[in-house]
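So the chains spell out like this:
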Amino acid sequence: MQLPINALAMGFSTKDVHGAHDHLVGRHGEGLKLAVLVLSRDSYNIANTIRDSLGKRPARLPDTLWQMLRAHSPIRTVEEEQQELFKDAKPCTIPDTTFARAVDRALRACFALLRFTDHIQVVYIRGSTGKVDVYFDKGQGTLKIHCRWLDFACMHHRSFCRPWSPSNLADTNAPFFCCHVVEELLVRSIASMFKAHPTSRPAEIKFMRQIGRRLRYLPHSINLKPYPGGILVSWEDNEAESFRTLGPSGPDYHVVLHEGNCASGETALLHEKAALPNEVMSCGCRQQFARQTHRMCLFTGLSHASTYYAMIALNEGRAFYGVPSDRISPRPNEDVKATLR
Ligand SMILES: [Zn+2]
Ligand SMILES: [Zn+2]
């Protein structure tokens, strides 16, 4: 429906309509006006949103006209317009940073935990700078998430979670301290998915506590160091040191060193069940166990002609895997002789 621009001004003004609220209309040259909302104390911010985020020119609109347009044409509030734009925004690829990969994997691992959400596809999109973070497309079972959630700087723009940030954040085995980002995103995602059927408060608390525990034990800073015929795997977790030193030696981690061409391990989000040392991995790759207080293990007898990568999770059913490590090769065994000579 095309509306002439002057129709909005014809016969109406704030003085004409006694007691009516003012509205702001987003104008973009001539044509249909999309964004309308009540003028209030924060109208300055709203006007900015219309201008900057929606690329339209704000103008006042009397209540009567707003009601008329609302009843007979697809006129939208700013929030509705932002939602519409968000639905159609273009998808983007996940940046190759530890932060982006960890947030994406951990969020999908959270969904994989629940029967109601384990089928959901996550897509990251380049939305506008508006307030919309997530949109759940029920028909397609797709959760669209603004790509700002994969950007460390964006997520900490105005509120830092630490007094300083590590200098190696761009590395592939960079530390990941921002479990709070996963939890914040999860809360928004759940709100978007279960709008019609809000989850019960106790169920929500239980779920978030399970998530919090899994995120605390999520392995990060996974590092592979080559040795002659061997690889030393080390990692970190986010349990507080004060708690770690209280207990005897902490729970076990399960470390699987997959061969470079074993792709099956790389996509796993959840550690299926507690593994036993005498079991053989279904893919035939090597495994070891290490205490949380130790957080390292050495694999020996490896071929320097092969590459390897590590997948690490707490040795429990449905624990979260850390981001897969880089692929490296052991040093040749001749190096030992060279070192000894
Ligand atoms: Zn943070
Ligand atoms: Zn394998």
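Everything quoted here is computed from the prediction, not taken from an experiment. (Residues numbered from 1 in each chain as written. Chains lettered and ligands numbered in written order. Predicted model: local features only at pLDDT ≥ 70, side-chain atom pairs only at ≥ 80, totals over all residues. Heavy atoms only, no water.)

Enquirer: Which parts of the structure should I look at to understand the coordination of the zinc ion (ligand 2)?
Expert: Reference values for angles at a metal are 109.5 degrees in the four-donor tetrahedral case and 90 or 180 degrees in the six-donor octahedral case. Looking at the zinc ion (ligand 2), the protein donor atoms are H258 (ND1), C262 (SG), C283 (SG) and C285 (SG), and they sit 2.0 to 2.3 Å from it. Every donor counted, the 4 donor atoms about the zinc ion (ligand 2) form angles of 103 to 116° at the centre, which fits tetrahedral coordination. The sequence pattern describing where the donors of the zinc ion (ligand 2) fall on their chain is H-x3-C-x20-C-x1-C. Placement of H258 in strand β9 (residues 252-259) and of C283 in the loop between β10 (270-271) and β11 (286-291) is noted, with a sequence separation of 25 residues between them. (Donors = N, O, S within 2.8 Å, 3.2 Å for Na, K, Ca; no water. Tetrahedral: all angles 85-135°; square planar, octahedral: opposite > 155°, others 65-115°. Helix = DSSP H or I, 4+ residues; strand = E, 2+ residues; numbered from the N terminus.)

Enquirer: So what exactly am I meant to see when it comes to the coordination of the zinc ion (ligand 1) here?
Expert: At the metal site, the zinc ion (ligand 1) is ligated by H156 (NE2), C161 (SG), C178 (SG) and H180 (NE2), and these contacts range over 2.0 to 2.3 Å. One chain supplies every donor to the zinc ion (ligand 1), and in sequence these donors are spaced H-x4-C-x16-C-x1-H. Remark: C178 occurs in the loop between α5 (152-155) and α6 (179-193) and C161 occurs in the loop between α5 and α6; sequence separation between them is 17 residues.

Enquirer: I keep staring at the packing of helix α4 (residues 98-113) against helix α7 (residues 201-216) and nothing clicks. Help me out?
Expert: Packed helices, taken two at a time, are described by the angle their axes make and the gap between the axes. Two elements in contact, α4 and α7, have axes separated by 11 Å at closest approach and are oriented at 135°. Overall, the two elements α4 and α7 adopt an arrangement that is oblique. α7 is crossed by α4, and the crossing has right-handed handedness. Across from A106, C110 and L113 in α4, the residues of α7 making contact are F207, I211, R214 and L215. (Axes fitted to C-alpha atoms, helices over the stretch in contact; angles between N-to-C directions. Parallel < 35°, antiparallel > 145°, perpendicular 65-115°, else oblique. Left-handed = near helix turned anticlockwise from the far one by under 90°. Contact = heavy atoms within 4.5 Å.)

Enquirer: Can you walk me through the nonpolar core in this structure?
Expert: Soluble globular proteins tend to bury their nonpolar side chains together. Counting residues in hydrophobic clusters, the biggest one holds 41 residues, and the most contacted among them are I145, F176, L186 and F320. Secondary structure elements with two or more residues in this core: α4, β4 (121-125), β5 (134-137), β6 (142-146), α6 and α7. At 10 residues, α4 tops the list of elements feeding residues into this core. Two domains each provide a minimum of three residues to this core, namely domain 2 (98-159 + 167-216) and domain 3 (220-320). (Core = buried A, V, L, I, M, F, W, Y, C linked by side-chain atoms within 4.5 Å. Buried < 20%, exposed > 50% of the residue type's maximum accessible area, 1.4 Å probe, protein only. Domains from an automatic or database assignment.)

Enquirer: Could you clarify how one ought to interpret helix α3 (residues 78-87) in this entry?
Expert: Buried within α3 are the following residues: V78, E81, Q82 and F86. On an axial view of α3, the arc spanned by its buried residues comes to 140°, and they lie on one face. (Arc of directions from axis to C-beta.)

Enquirer: Got a minute to help me understand the packing of aromatic side chains in this structure?
Expert: Within a pair of aromatic rings, the relevant descriptors are the distance that separates the centres and the angle that separates the planes. Applying the stated criterion to the full structure yields 3 aromatic pairs. Judged by centre distance (5.5 Å) and plane angle (90°), the rings of F99 and F152 are edge-to-face. Here F99, found in helix α4, pairs with F152, found in helix α5; they are 53 residues apart in sequence, far enough to count as distant. For F99, a relative accessible area of 7% gives the class buried. Between F99 and F176, the ring centres sit 5.9 Å apart and the planes meet at 50°, which makes this aromatic pair tilted. Here the residue F99 occupies a position in helix α4, and F176 occupies one in the loop between α5 and α6, the gap between them amounting to 77 residues. A relative accessible area of 2% places F176 in the buried class. Site record: aromatic cluster; members linked through ring pairs are F99, F152 and F176. In this structure, R115 packs its charged tip against the face of F116, placed 5.1 Å from the ring centre. (Phe/Tyr/Trp six-rings, centres within 6.5 Å; stacked < 30°, edge-to-face > 60°. Lys NZ or Arg CZ within 6 Å of the ring centre and 35° of its normal.)

Enquirer: In this structure, what is going on with the sheet that holds strand β12 (residues 296-299)? I would like to understand it.
Expert: Think of a sheet as strands paired side by side through backbone hydrogen bonds, with each pair either parallel or antiparallel. With antiparallel pairing, the 3 strands of this open sheet are ordered in space as β7-β8-β12. Of all strands in the sheet, those with a lone pairing partner are β7 (220-227) and β12, marking the two edges. Strand-to-strand twist across the sheet, computed as the mean angle between neighbouring axes with direction ignored, equals 15°. (Pairing = 2+ DSSP bridges.)

Enquirer: It is not clear to me how the pattern of salt bridges should be interpreted in this structure. Could you clarify?
Expert: Note on pairing: side chains with opposite charge can pair once their charged atoms come close. The final tally for this structure, using the stated rule, is 11 salt bridges. With its nearest N and O atoms 3.4 Å apart, the salt bridge here joins D133 to R188. One end of the pair, D133, is in the loop between β4 and β5; the other, R188, is in helix α6, and 55 residues separate them in sequence. Residue classification places R188 among the partly exposed positions, given a relative accessible area of 37%. Among the ionic pairs, K273 bridges to E279, the shortest N-O distance being 3.9 Å. Members of the salt-bridge network, linked through shared partners, are D133, R148 and R188. (Salt bridge = Lys/Arg side-chain N within 4 Å of Asp/Glu carboxyl O.)

Enquirer: How should I be thinking about the sheet that holds β6 in this particular structure?
Expert: One open sheet holds the 3 strands; their spatial order is β4-β6-β5, and the pairing between them is mixed. Each edge of the sheet is formed by a strand with only one pairing partner; in this case those strands are β4 and β5. Strand after strand, the sheet turns through a mean of 20° between neighbouring axes, direction not considered. As defined by bridge partners, β5 adjoins β6 across 4 bridges and the pair is classed as antiparallel. Following the sheet pairing, F136 is matched in β6 by L143.

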